[in-house]
Amino acid sequence: MKISVVGGGYVGLVTAACFAELGHDVSIIDHGPAKVKSINAKKPPIYEEGLEELLKRHVGTRLRASTSYDFIPLSDLTFICVGTPPNPDGSADLSKVEAASRSIGSVLKKSGNYHVVVVKSTVPPGTTQKIVIPAVLHEAEKSEDEMGFAMNPEFLREGHAVEDFIHPDRIVIGSRNLRDAARVANAYQGLSAPFLRTGLTAAEMIKYTSNSFLATKISFSNEIGNICKKLGIDVYEVMKGVGMDRRIGPSFLDAGAGFGGSCFPKDVHALIKLAETIGEDPILLRSVIDVNEKQPGRIVQLLRARIGELKGKRIAILGLAFKDNTDDVRESRSIPVIEELLESGVVITAYDPIANPSMHKIFPTITYCSTAADALRGAEGCLVMTEWPEFEDLKEEFDLMANKVIIEGRRILSIKGGEGICW
Ligand SMILES: NC(=O)c1ccc[n+]([C@@H]2O[C@H](COP(=O)([O-])OP(=O)(O)OC[C@H]3O[C@@H](n4cnc5c(N)ncnc54)[C@H](O)[C@@H]3O)[C@@H](O)[C@H]2O)c1
């Protein structure tokens, strides 16, 4: 099939590269010329395991990037993968989705082919029907039955995005009719995953509900972790026992500094806002956010309890990315920690295996180190904020500290006797 993907970010680029791997001819349209240049040079503008190999294999043959929408009329299917960032009030900003829809419609004006536009961006229920379809049809000057539409939410995890695309738990396709759903399902041919066909709004709601449920599991584990810490119980032992229950499952029960990233905080906020606008009071979802926002402050409190006045002290921060295996620092829990430390007059030395440059854009004045040892040398305290597997091997590096106070926001170190945020 010929596929276009609008938006070459984390989701769009991985989707496009993986569709090329499945044998399709794929064009990425992104309005960032630097990103387009980098993709065409086979250099992923983001870090994702396995992505560079896919670009090396397919760019120049069946994968390309462009700033021009002219590839769209030549394709059978266009996926919208642009960002849906939060508005100041927490609701989803749909302006990029609307702009992309209009641009897609305008290039399809003269096309006689039956084209299916698929929303992959995470959007509130009703967006495809109320915003995307009218915008595309208006610009294309077409009627409802001359074009197809679908909503196909994306569930990939950053850091494992390629693997998740190739081995998904399920593929959800929301559509108005079987014809459109079948066209989207065709694009995924070759993957062995169950398909779930739904209406457009149910597909949109599945994505918000999945993310909100996972965020709830994390905040729940953190609350239990905070209680366990006071009781002197190891929350990891507790959650191991809890997760062995098939009704609960073991994932997303790791207590720690809370969730970050570009999706969970924004999607839970957007669902809260949506609920409020229809007169619902989403008590549970608000608590999920409350617990999450308080966790980073707890790690700084622990540090203060151990080393006293923070002013003028040098503190090492290990891990800046919101999770391991990514250079993404959006909503990373290390951001509020760094902010609070800087406000307290702390001198920070930070190390992340790949996210130093991303965090430098937010905090240009702190010292970024190229090894954990450099960050730890002479430090009077250390906070571990990302579960990078390489931190597991750190041992004698901690002997370089002036005062060996180590507090983990993620349980990753293999050295014994360390303190954690919830343990
Ligand atoms: N990042 C994730 O892990 C993840 C996972 C599942 C779903 N999602 C959802 O997928 C969507 C995209 O997320 P992302 O992280 O890939 O965003 P991103 O910000 O990394 O990428 C979006 C890209 O779209 C481009 N763009 C914006 N408007 C455009 C336009 N009109 N025409 C062409 N290009 C345009 C931008 O230049 C950017 O490269 C969001 O709705 C997000 O919630 C993200």
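Everything that follows concerns the structure shown earlier in this document.
Residues numbered from 1 in each chain as written. Predicted model: local features only at pLDDT ≥ 70, side-chain atom pairs only at ≥ 80, totals over all residues. Heavy atoms only, no water.

1. Quick word on the overall build of the protein
The helix and strand tally for the protein stands at 14 helices and 14 strands. Its C-alpha atoms give the protein a radius of gyration of 23 Å, near enough to 22 Å, the size a compact globule of 423 residues would have. In terms of its C-alpha atoms, the protein occupies a principal-axis envelope of roughly 70 × 50 × 40 Å. Counting only residues that meet the buried cut, the protein has 55% of its 423 residues in that class. Excluding contacts between residues fewer than 6 apart, the proportion of contacts in the protein whose partners are at least 24 apart in sequence is 72%. If you sum the accessible surface of the protein, you get close to 18500 Å²; carbon and sulfur atoms cover 54% of it. When the 49 positive and 55 negative side-chain charges of the protein are each reduced to one mean point, those points stand 1 Å apart. (Helix = DSSP H or I, 4+ residues; strand = E, 2+ residues; numbered from the N terminus. Rg over C-alpha atoms; globule rule 2.2 N^0.38 Å. Buried < 20%, exposed > 50% of the residue type's maximum accessible area, 1.4 Å probe, protein only. Contact = heavy atoms within 4.5 Å. Areas by Shrake-Rupley, 256 points an atom, 1.4 Å probe, with all protein chains shown as cover. Lys, Arg positive; Asp, Glu negative; His and termini not counted. Charge placed at Lys NZ, Arg CZ, Asp CG, Glu CD.)

2. Here's the deal with the packing of aromatic side chains
Applying the stated rule across the entire model yields eight aromatic pairs. For the pair Phe252 and Phe264, a centre-to-centre distance of 6.1 Å together with 45 degrees between the ring planes defines the contact as tilted. Taken as a pair, Phe252 in the loop between helix H9 (235-243) and helix H10 (264-277) and Phe264 in helix H10 lie far apart in primary sequence, twelve residues in all. Directly above the aromatic system of Phe155 lies the positively charged group of Arg170, at a separation of 3.6 Å from the ring centroid. (Phe/Tyr/Trp six-rings, centres within 6.5 Å; stacked < 30°, edge-to-face > 60°. Lys NZ or Arg CZ within 6 Å of the ring centre and 35° of its normal.)

3. A few points about H9
Each full turn of the α-helix corresponds to 3.6 residues, which orients residues three or four apart in the same direction. Those residues of H9 lying buried are Val235, Tyr236, Met239 and Gly243. Viewed along the axis of H9, the buried residues span an arc of 95 degrees, placing them on a single side of the element. Set apart from the buried face of H9 by more than 90 degrees, the exposed residues are Glu237 and Lys240. Those residues of H9 that are buried lie in contact with helix H8 (200-231). (Arc of directions from axis to C-beta.)

4. Notes on the pattern of salt bridges
In this structure the tally under the stated criterion is 23 salt bridges. Residue Glu276 is joined to Lys273 by a salt bridge in which the shortest nitrogen-to-oxygen separation is 3.8 Å. With Glu276 and Lys273 both in helix H10 and three residues apart, the pair spans about one turn of that helix. Put simply, Arg304 and Glu340 hold a salt bridge, and the shortest N to O gap is 3.8 Å. Residue Arg304 is located in helix H11 (residues 283-307), and its partner Glu340 is located in helix H12 (residues 334-343); the two are separated by 36 residues in the primary sequence. Take Glu340: its relative accessible area is 27%, and that puts it in the partly exposed class. Salt bridges here are not isolated pairs; linked through shared partners, they connect Lys273, Glu276, Asp281 and Arg286. (Salt bridge = Lys/Arg side-chain N within 4 Å of Asp/Glu carboxyl O.)

5. Looking at the pairing of strand E4 (residues 77-80)
Going residue by residue along E4, you find Leu77 and Phe79 tucked away on one face and Thr78 and Ile80 tucked away on the opposite face as well. Sheet analysis places strand E1 (residues 2-6) next to E4, joined by four bridges and oriented parallel. Considered in E4, the bridge of Ile3 is made with Leu77. Looking at chain direction, E4 and strand E5 (residues 116-119) are connected through four bridges and run parallel. The residue bridging Leu77 from the neighbouring strand is Val116, located in E5. With respect to chirality, the unit in which E4 leads through helix H4 (residues 95-107) into the neighbouring parallel E5 is right-handed. (Pairing = 2+ DSSP bridges. Right-handed = clockwise from strand over helix to strand, strands pointing away.)

6. Notes on the side chain of Asn226
When you line up the elements, Asn226 lands in helix H8. For Asn226, a relative accessible area of 11% corresponds to the buried category. Among the polar contacts listed, one links the side chain of Asn226 to the side chain of Arg298, at a separation of 3.4 Å. (Polar contact = N/O pair within 3.5 Å; in protein donor to acceptor, adjacent residues only side chain to side chain.)

7. Some thoughts on the layout of surface pockets
Taken as a whole, the second largest pocket encloses approximately 220 Å³ of empty space. Together, Tyr10, Pro45, Ile46, Asp327, Asp328, Val329, Arg330, Ile354, Pro357, Ser358 and Lys361 line the second largest pocket. When its residues are assigned to classes, the lining of the second largest pocket shows six nonpolar, one polar and four charged. Residue-level mapping places the lining of the second largest pocket at the junction of two domains, with at least three residues from each of domain 1 (2-198) and domain 2 (199-423). (1 Å grid on protein atoms, 1.4 Å probe; cavity = no way out; pocket = protein on both sides within 12 Å on 5 of 7 lines; lining within 4 Å. Points joined across faces, edges and corners; volume = space filled by probe spheres on them. Nonpolar A, V, L, I, M, F, W, Y, C, P; charged D, E, K, R; others polar. Domains from an automatic or database assignment.)

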